[in-house]
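# Structure assessment
The primary structure of each chain is shown beneath.
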Amino acid sequence: MGWFLLPFDNLLCIVLGISFTVGFSSLLVIVVPAVLGVSIGIRRLYMKSLLKVFEWATVRMERGAKEKNQHLYKPYSNGIIAKELSSLEQEIQELRASGTTLSSEPEFEMADIMYFCRRGVESIVDDEVTKRFSAQELESWNLLTRSNFNARHISLRLSVLWGLGLFIRYSFLLPLRVTLAASGIGLLVVLTTIVGFIPSGWLRTYLSEKIHLMSYRICVRSLTAIITYHNSENKPKNGGICVANHTTPIDVIILANDGCYSMVGQIHGGLIGVVQRAMVKSSPHIWFERSEVKDRHLVAERLSNHVADKTKHPILIFPEGTCINNTSVMMFKKGSFEIGCTVYPVAIKYDPRFGDAFWNSSKFGMVNYLLRMMSSWAIVCSVWYLPPMSREEGEDAVQFANRVKAAIATQGGLVDLLWDGGLKRGKVKNTFKEEQQKLYSKVLVGDQEDQGEDRPQEDEEELEEEDQIEDRPLEDYTPRPLEDCSLRLQEEEEERGSETPMKDQ
Amino acid sequence: SGSNFSTITVCRELHEMGFHVSHSQITRLYSRFTSLDKGENGTLSREDFQRIPELAINPLGDRIINAFFPEGEDQVNFRGFMRTLAHFRPIEDNEKNKDPTASEPLNSRTNKLLFAFQLYDLDRDDKISRDELLQVLRMMVGVNISDEQLGSIADRTIQEADQNGDNSISFNEFIKVLEKVDVEQKMSIRFLH
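Quick notes on the rules
- Residues numbered from 1 in each chain as written.
- Chains lettered and ligands numbered in written order.
- Predicted model: local features only at pLDDT ≥ 70, side-chain atom pairs only at ≥ 80, totals over all residues.
- Heavy atoms only, no water.
- Helix = DSSP H or I, 4+ residues; strand = E, 2+ residues; numbered from the N terminus.
- Buried < 20%, exposed > 50% of the residue type's maximum accessible area, 1.4 Å probe, protein only.
- Contact = heavy atoms within 4.5 Å.
- Areas by Shrake-Rupley, 256 points an atom, 1.4 Å probe, with all protein chains shown as cover.
- Pairing = 2+ DSSP bridges.
- Axes fitted to C-alpha atoms, helices over the stretch in contact; angles between N-to-C directions.
- Core = buried A, V, L, I, M, F, W, Y, C linked by side-chain atoms within 4.5 Å.
- UniProt positions renumbered as here; feature names shortened; annotations may be inferred.
- Patch = residues over 30% accessible without salt bridge, like charges linked within 9 Å, V, L, I, M, F, W, Y side chains within 5 Å.
- Salt bridge = Lys/Arg side-chain N within 4 Å of Asp/Glu carboxyl O.
- 1 Å grid on protein atoms, 1.4 Å probe; cavity = no way out; pocket = protein on both sides within 12 Å on 5 of 7 lines; lining within 4 Å.
- Points joined across faces, edges and corners; volume = space filled by probe spheres on them.
- Nonpolar A, V, L, I, M, F, W, Y, C, P; charged D, E, K, R; others polar.

## Here's the deal with the overall build of chain A
Secondary structure assignment for chain A yields 14 helices and 10 strands. Across the 505 residues that make up chain A, the buried fraction comes to 50%. Put simply, 80% of the contacts in chain A that link residues at least 6 apart link residues at least 24 apart. Accessible surface for chain A amounts to roughly 24,600 Å². Of this, 59% is attributable to carbon and sulfur atoms.

Spelled out as structure tokens, the structure:
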């Protein structure tokens, strides 16, 4: 039997040898520029070639569809139905104008119900909020099954291409990327701990900056992230707060790749906790214990103190509090805007053609998400640094927050929404329904209850800037994705805990 | 994924119902249906609807949700979902498919009016009693109008509509009251093609 195994053994050796050589040289080609802070341009070339392949794939699918005399499913980012954006009063008046109006006040018509009915059904077919919490649909196919709606139209040639893509992604790109990520994080932990032993001073700060930047550069390459930074003259400076829209935990890596920031968040257990504790040894990040997070004053105090110290890096905060799918910007929590320092807004827009970066935390856990990221083609995004903003005279924190949000939305080409991103998890408060009822009552009986409120007549489309969610504690500062992750783990553990007694039986 | 679903079968069924939708519209609505279906079991429960914030703040949200569920059932499948939505298709689209032998389409003026009527008719006994009208009015106005005022509104409405003196509004009386209202336009949703 020995002679049978020998050639096979040889073959195995050869295969292993080749993969190691290829793997190692790729690593070198990627890591060395990362350490030195140089870019060769491999990723951009890769991106251009991929685009050509995708276009070809879409053309093939369209041809296939035409042969069968059908249409390709094309998603419309503008919505499914045409909605009229008129107010409640306007629409009810229109309803009345066409009906009989013989009765004296108060004016009620049975036809009024149709307004609420149509509005309700419209929101069932297409609403502004729930679609922000799932990945965006693509116009053309990018050879990933996860984004394909036209499976019927795939020809043999296309399937082969897809299979090839699958092979490349999972057997070459994925292991390479995982190795890179592991080295990046490992280096970060080890080097920051070492630097932590150096006494405070310019050397420590200098080394810490270099180490952080290097590690983030390696991590960026591990995701094959192709980032274009615009308007770098507006980059956040010390003593300020950097505010950005939130799509994925990777946002942090994307931004920290180009500058040094102090992170804010809750300290976790596990691997993330290890990284957090190491990072804080060499540079002043702001980590909170879980109990401290609820204490609003403590949080505000620590942030203010950090900001007052001009030697410390700008704080990075995501005021939406949760991941949104990068088609819109949702309500900014006002906490960061109350501190009273300069705010540096940053808009991040991902190009979903190469891999959707959005983390749907209700569908995927963190590990699953990272695997998906690392087996996509690439993560392509644009980062715009917007001119710094400060709170103006007579502007309260909420108005300031909305102003910043509007600026970010305009720059990133995102829809500016007033809805709270927390509606992903929580139920909307009853007060909003009560507002609708109030508006309708006014139409019925007129403006009898004029309590002399200073607030101007609000359009029904605008929502109050208080907590929109029922029974939610104040968690203005915690980057929610990390919290989501630990909550999920907790839930899973509880489930497992309740399952085992059954198993024993 | 969206197109695994047999849109051809659903298309045919809907055409028989008088609901003429294109493939892309069905795929789009199916995509919407699955995104609402958090339990991923092919049906929607009332909670799935209530998760839509814009619907949750609609004063008649619960009544509208109820319209999707047949009597006594807690789950609605895609067919049922489409069947209910069929009422809201614009009437002018029917002009292309004039078939005198076909049954009345779901989006006819009468059927749209029936949909609105059933929002009022809480116990599904084919008439709107004073009590039912009061309850629905209360849903629409919340706490902002007193019981007496609301009562007189209800009384006046029934007085104007009731023709056979049974102190409730039947479907035919309802149709008469709304004969001048542009039901076709107010109870229609336009799809972007």
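## Digging into unusual backbone geometry
Despite not being glycine, B:Glu40 shows a phi value in the positive range, around 50 degrees. Residues other than glycine seldom take positive phi values, yet B:Arg124 does so here, at roughly 55 degrees.

## Concerning the sheet that holds strand 9 (residues 379-385) of chain A
Residue and element names in this part refer to chain A. In spatial order, the strands read 2-9-8-3-6-4-5; together these seven strands make up an open sheet with mixed pairing. A single partner strand is all that each edge strand has here, and the edge strands are strand 2 (225-230) and strand 5 (286-288). Strand-to-strand twist of the sheet, defined as the mean angle between neighbouring strand axes without regard to direction, takes the value 25 degrees. Note that strand 3 (residues 241-244) and strand 6 (residues 315-317) share three bridges and pair parallel. The partner of Ile-241 across the bridge, within strand 6, is Ile-315.

## Some details on the nonpolar core
Counting residues in each nonpolar core, the largest one holds 73 residues, and the members touching the most others are A:Phe108, B:Phe49, B:Tyr120 and B:Phe174. Ignoring sequence-local partners within four residues, the contact set of B:Phe174 consists of A:Met110, B:Leu113, B:Ala116, B:Phe117, B:Tyr120, B:Ile128 and B:Ile169. If you look at the next biggest cluster of nonpolar residues, it comprises 42 residues, including A:Ala244, A:Trp287, A:Leu316 and A:Tyr350.

## A few points about the UniProt feature "transmembrane region" (unreviewed entry) in chain A
Residue and element names in this part refer to chain A. UniProt annotation of "transmembrane region" (unreviewed entry) refers to residues 14-42, 154-172 and 178-203 when read in the numbering used here. The span residues 14-42 is 83% helical and 0% strand by assignment, and the distance between its end C-alpha atoms comes to 28 Å. Between the end C-alpha atoms of residues 178-203 the distance is 32 Å, and the span holds 77% helix and 0% strand.

## A short note on a nonpolar patch on the surface
On the surface, a nonpolar cluster with roughly 660 Å² of combined accessible area is contributed by A:Ile14, A:Ile18, A:Val22, A:Leu164, A:Phe167, A:Ile168 and A:Phe172. With respect to the element layout, A:Ile168 can be found in helix 5 (residues 156-195).

## Some details on the pattern of salt bridges
All names here are of chain A. Counted according to the given criterion, the structure contains 17 salt bridges over all chains. The shortest N-O distance in the salt bridge between Lys-131 and Asp-126 comes to 3.3 Å. Of the residues examined, Asp-126 reaches a relative accessible area of 7% and is grouped as buried. One salt bridge connects Lys-405 with Asp-416, and the closest N-O pair in it is separated by 2.7 Å. In this pair, Lys-405 sits in helix 12 (residues 397-412) while Asp-416 sits in strand 10 (residues 415-416), placing the two residues 11 residues apart along the sequence. Residue class for Asp-416 comes out partly exposed when judged on its relative accessible area of 37%. Within this structure, Glu-392, Glu-395 and Arg-403 form a network of salt bridges that share partners.

## With respect to the UniProt feature "domain: EF-hand" (unreviewed entry) in chain B
Residue and element names in this part refer to chain B. The UniProt feature table records "domain: EF-hand" (unreviewed entry) at residues 24-59, 108-143 and 149-184. Between the end C-alpha atoms of residues 24-59 the distance is 32 Å, and the span holds 61% helix and 0% strand. The span residues 108-143 is 67% helical and 6% strand by assignment, and the distance between its end C-alpha atoms comes to 36 Å.

## Quick notes on empty space enclosed by the protein
All names here are of chain A. According to the stated counting rule, one finds seven cavities of 30 Å³ or more in the structure shown. Counted as a void, the second largest cavity has a volume near 80 Å³. Ranked by the residues each element gives to the lining of the second largest cavity, the list is headed by helix 6 (residues 202-222), at four residues. Of the residues belonging to the lining of the second largest cavity, the class tally is five nonpolar, six polar and one charged.

## Section: the environment of A:Phe318
Residues and elements named next belong to chain A. Tracing the chain through its elements places Phe-318 in the loop between strand 6 and strand 7 (328-329). Distance from Phe-318 to Gly-426, taken between C-alpha atoms, is 19 Å for residues 108 residues apart in sequence. Excluding residues within four positions of it along the chain, Phe-318 makes contact with Ala-244, Asn-245, His-246, Asp-251 and Val-252.

## Things to note about the pairing of strand 4 (residues 262-266) of chain A
Residue and element names in this part refer to chain A. Taking burial as the measure, the five residues of strand 4 include five buried ones, the bulk of the element. Here strand 4 shows two buried faces, one formed by Ser-262, Val-264 and Gln-266 and the other by Met-263 and Gly-265. Two strands pair when backbone bridges link them, and strand 4 and strand 6 are joined in this way by two bridges, in the parallel orientation. Bridged to Met-263 within strand 6 is Leu-316. In this sheet, strand 5 lies alongside strand 4 in parallel orientation, the contact comprising three bridges. Looking across to strand 5, one finds that Gly-265 is bridged to Trp-287.

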